[in-house]
Amino acid sequence: MNEYTDLLNYFLPPTAKVLDLQQPQKQAAILLADINGDQVEELIVAYRFQEKNYILILKNVNGQWQPMAHIIGRGYGITDLLAAPITNRGVNTLIVGWQQGSMLSELNLLQWTNDGFKRLPTNDIAYSKLEVEDMPGTNGQDGLAEIAIWTHDTGEAYKVDVYRFDGNGLVPAKDVYPYYFKKVEAYYKHRLQKNDYPFYWYYLADAQNKAGDFEQALLSIEKAMSFNSPYPSKETLEALKNEILHALRRTPSTMIVVDEKRGDVNGDGFMDTVYITAEKDKDSPFWKNITLVILYGKTNVHERLPLKENMGYHPTIFLGDFTGDQLDDILIVIDTGGSGATVNGYIFSFVEGTMQQVFDADQFDAQHHYEVAYQDHYKAIVKSAVPHKKYTLDLGYKGKEYLSEIYNEDGTLKKPIEGWVDPPSGLYPIDLARTGVYELNIVQQIAGRYHADGLGYVESMLKWDGHKFVVDRQSVSIFGEDLS
């Protein structure tokens, strides 16, 4: 934003100082965002002048910047300056955090109206850090952002709440709790790896309860109650425990263990049990709510890891070392049941003290593009973007009847024809070098004029490069001609 310094100096008072944001790194509190819904970005700056804070908003009119609004701020500094749709999908709300203390900021929500900017009610929320995101609820994302408020308590512990605006003010967004409090749960698990403090166990239990992980929350609250000096109090812990027990009693358990494997997935030298749970209707092969569950052998603690695509057929687990750290990584493959016999697949690995997803077949498909085009003289060309390669397929084996529908007698195409490459239809772990470290072979069908018109397969061999899976080798296989 340094390119706007001279422009802002023209509009700011001579001794004014642009404020700095400190997170995620120190930078000037300058923002470009459309905050009145006209699809044109405004220039927003927070500055300090004569011991007071202000917000200046400039609008670009026919190539000329003009003042749009001047708003008096609060506090002695600024911690957050961003814009997101809070009240209306077509209009961003300006979100400002005015610093009131070393660990607390005051939340301001500024909304453009026909009468200018107005402050939305925020229930006088003070916070230590926040996250703003359109969080998926029961029916997915709705185009409006929720606000996660983290308020410092003690040590590295924070009380976390998630809000949305309901027209009159901020209210708890409980339908997104299962999504967001998985993040909070991961945060406290990481804290507990360094310090076994009672307040971390309390907040871990609270996060697991809000995430719907009631069985694990019960274990965590029991651990919190085992300390000589329970935090925050024995009465508070008892109340949370009763809330968890009530949730367990009213949550019917219809989950079935679909597949199960054993191996050391976190490197502590103990055998862990990895299994997939899911539910299905009677006499149906279709599974839903498919979930990865790990029972750690050393601690007897369960961890549940939701899958992005959690429905399908024949979910399976494979344990093997894909990343070269001599630990068992977890490969999950689920048949989608759609045309092309495609699959969803994920790899989870124990990274920096937590179990993390390191591969998603759907993401791989989105990042690897192909072109398939029929050519004159009974050939087809397959072009791969990553890696940048071209493959030529001989279609002669397809037979006279097939070829006569597409080609003239002189071998030229009757009209241009394009095919496509399907999403992955197979994920196969292969230890080619016999070192105990697996590569992942991804198979994708090449389709011609229609889905059943298969021309062959693209096979991509993926290898871990220390940070991610990359294509190490790629080839195309074709169908052979029947000689009988």
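Because the structure is a prediction, the values reported are computed rather than measured.

## Some remarks on the packing of aromatic side chains
Under the definition given, this model contains 26 aromatic pairs. Here the aromatic rings of tyrosine 10 and phenylalanine 11 are separated by 5.1 Å at their centres, their planes lie at 90 degrees, and the arrangement is edge-to-face. Ring geometry for tyrosine 47 and tyrosine 54: centres 5.3 Å apart, planes at 20 degrees, overall stacked. Taking relative accessible area as the criterion, tyrosine 47 reaches 2% and is therefore assigned buried. On the basis of relative accessible area, tyrosine 54 is assigned to the buried category, the value being 16%. Each residue in the set Trp150, Tyr158, Tyr187, Tyr188, Tyr197, Phe199, Tyr200, Tyr202, Tyr203 and Tyr231 is aromatic and connected to the rest through ring pairs, giving one cluster.

## With respect to the sheet that holds strand S16 (residues 170-172)
Spatially, S13-S14-S15-S16 is the arrangement adopted by the four strands of the open sheet, whose pairing is antiparallel. Looking at the sheet topology across the chains shown, the edges are occupied by strand S13 (129-133) and S16. Pairwise comparison of adjacent strand axes, ignoring direction, gives a mean angle of 35 degrees for this sheet. Strand direction decides the pairing type here: S13 and strand S14 (residues 146-152), joined by five bridges, are antiparallel. Bridged to glutamate 131 within S14 is alanine 148. Contacts from helix H2 (residues 177-194) reach S13, S14, strand S15 (158-165) and S16, with the element oriented near 160 degrees to S15.

## So, the environment of leucine 19
If you trace the backbone, leucine 19 turns up in the loop between strand S1 (17-18) and strand S2 (20-21). Separated by 330 residues in the primary sequence, leucine 19 and serine 349 place their C-alpha atoms 42 Å from one another. Residues contacting leucine 19, with those up to four places away along its chain left out, are Gln27, Ala28, Ala29, Ala46, Tyr47, Arg48, Asn53, Ile78 and Trp98.

## Observations regarding the side chain of aspartate 80
The topology assignment puts aspartate 80 in strand S8 (residues 77-88). At 11 Å, lysine 129 is the nearest oppositely charged side chain to aspartate 80, a buried residue that forms no salt bridge. Setting aside residues no more than four positions away along its own chain, aspartate 80 makes contact with Leu21, Ile95, Val96, Gly97, Tyr127 and Leu130.

## Digging into the domain arrangement of the protein
Assigned domains of the protein: these are domain 1 (4-179), domain 2 (255-353) and domain 3 (368-478). For domain 2 versus domain 3, the distance between C-alpha centres works out to 29 Å. Facing 15 residues of domain 2, the contacting portion of domain 3 comprises 15 residues. Summing the contributions of domain 2 and of domain 3, the shared interface buries around 1,200 Å²; its carbon and sulfur component is 73%. At the junction of domain 2 with domain 3, the criterion picks out zero salt bridges. The tally of links between domain 2 and domain 3 comes to two residue pairs in polar contact (both at pLDDT 80 or more). Of all the secondary structure elements, the ones that give two or more residues to the side of domain 2 that touches domain 3 are strand S21 (312-320), strand S22 (329-335) and strand S23 (343-351). The element contributing the most residues to the side of domain 2 that touches domain 3 is S23, with three residues.

## Re the nonpolar core
If you look at the biggest cluster of nonpolar residues, it comprises 34 residues, and the most contacted ones within it are Trp150, Val162, Tyr180, Phe181, Val184 and Tyr188. At the level of elements, S14, S15, H2, helix H3 (198-210), helix H4 (214-225) and helix H5 (234-250) are the ones that each hand at least two residues to this core. Looking at which element gives the most residues to this core, the answer is H3, with eight residues. Discounting residues that sit within four places of it in the chain, valine 162 has contacts with Met135, Glu146, Ile147, Ala148, Val171, Pro172, Ala173, Val176, Tyr177, Tyr180 and Phe181. Membership of the second largest hydrophobic core comes to 20 residues, among which are Leu21, Ala33, Ile44 and Ile57.

## Description of the pairing of strand S32 (residues 469-477)
Across eight bridges, the pairing between strand S31 (residues 454-464) and S32 is antiparallel. Looking across to S32, one finds that lysine 463 is bridged to valine 470.

## Thoughts on the pattern of salt bridges
The tally for this structure, following the rule as stated, stands at 27 salt bridges. One salt bridge in this structure joins glutamate 133 and lysine 183, with 3.2 Å as the shortest N-O distance. Of this pair, glutamate 133 sits in strand S13 while lysine 183 sits in helix H2; the two residues are 50 residues apart in sequence, bridging distant segments of the chain. Classification of lysine 183 by relative accessible area gives partly exposed; the value is 35%. We note a salt bridge from aspartate 259 to lysine 261, for which the minimum N-O separation is 3.2 Å. The class of aspartate 259 is buried, set by a relative accessible area of 16%.

## Observations regarding the environment of glutamine 50
By secondary structure assignment, the location of glutamine 50 is in the loop between strand S5 (42-49) and strand S6 (52-61). Between the C-alpha atom of glutamine 50 and that of proline 13, which follows or precedes it by 37 residues, the distance is 9.9 Å.

Conventions used here
Residues numbered from 1 in each chain as written. Predicted model: local features only at pLDDT ≥ 70, side-chain atom pairs only at ≥ 80, totals over all residues. Heavy atoms only, no water. Phe/Tyr/Trp six-rings, centres within 6.5 Å; stacked < 30°, edge-to-face > 60°. Buried < 20%, exposed > 50% of the residue type's maximum accessible area, 1.4 Å probe, protein only. Pairing = 2+ DSSP bridges. Helix = DSSP H or I, 4+ residues; strand = E, 2+ residues; numbered from the N terminus. Axes fitted to C-alpha atoms, helices over the stretch in contact; angles between N-to-C directions. Contact = heavy atoms within 4.5 Å. Lys, Arg positive; Asp, Glu negative; His and termini not counted. Salt bridge = Lys/Arg side-chain N within 4 Å of Asp/Glu carboxyl O. Domains from an automatic or database assignment. Buried area = accessible area lost by both parts, 1.4 Å probe. Polar contact = N/O pair within 3.5 Å; in protein donor to acceptor, adjacent residues only side chain to side chain. Core = buried A, V, L, I, M, F, W, Y, C linked by side-chain atoms within 4.5 Å.

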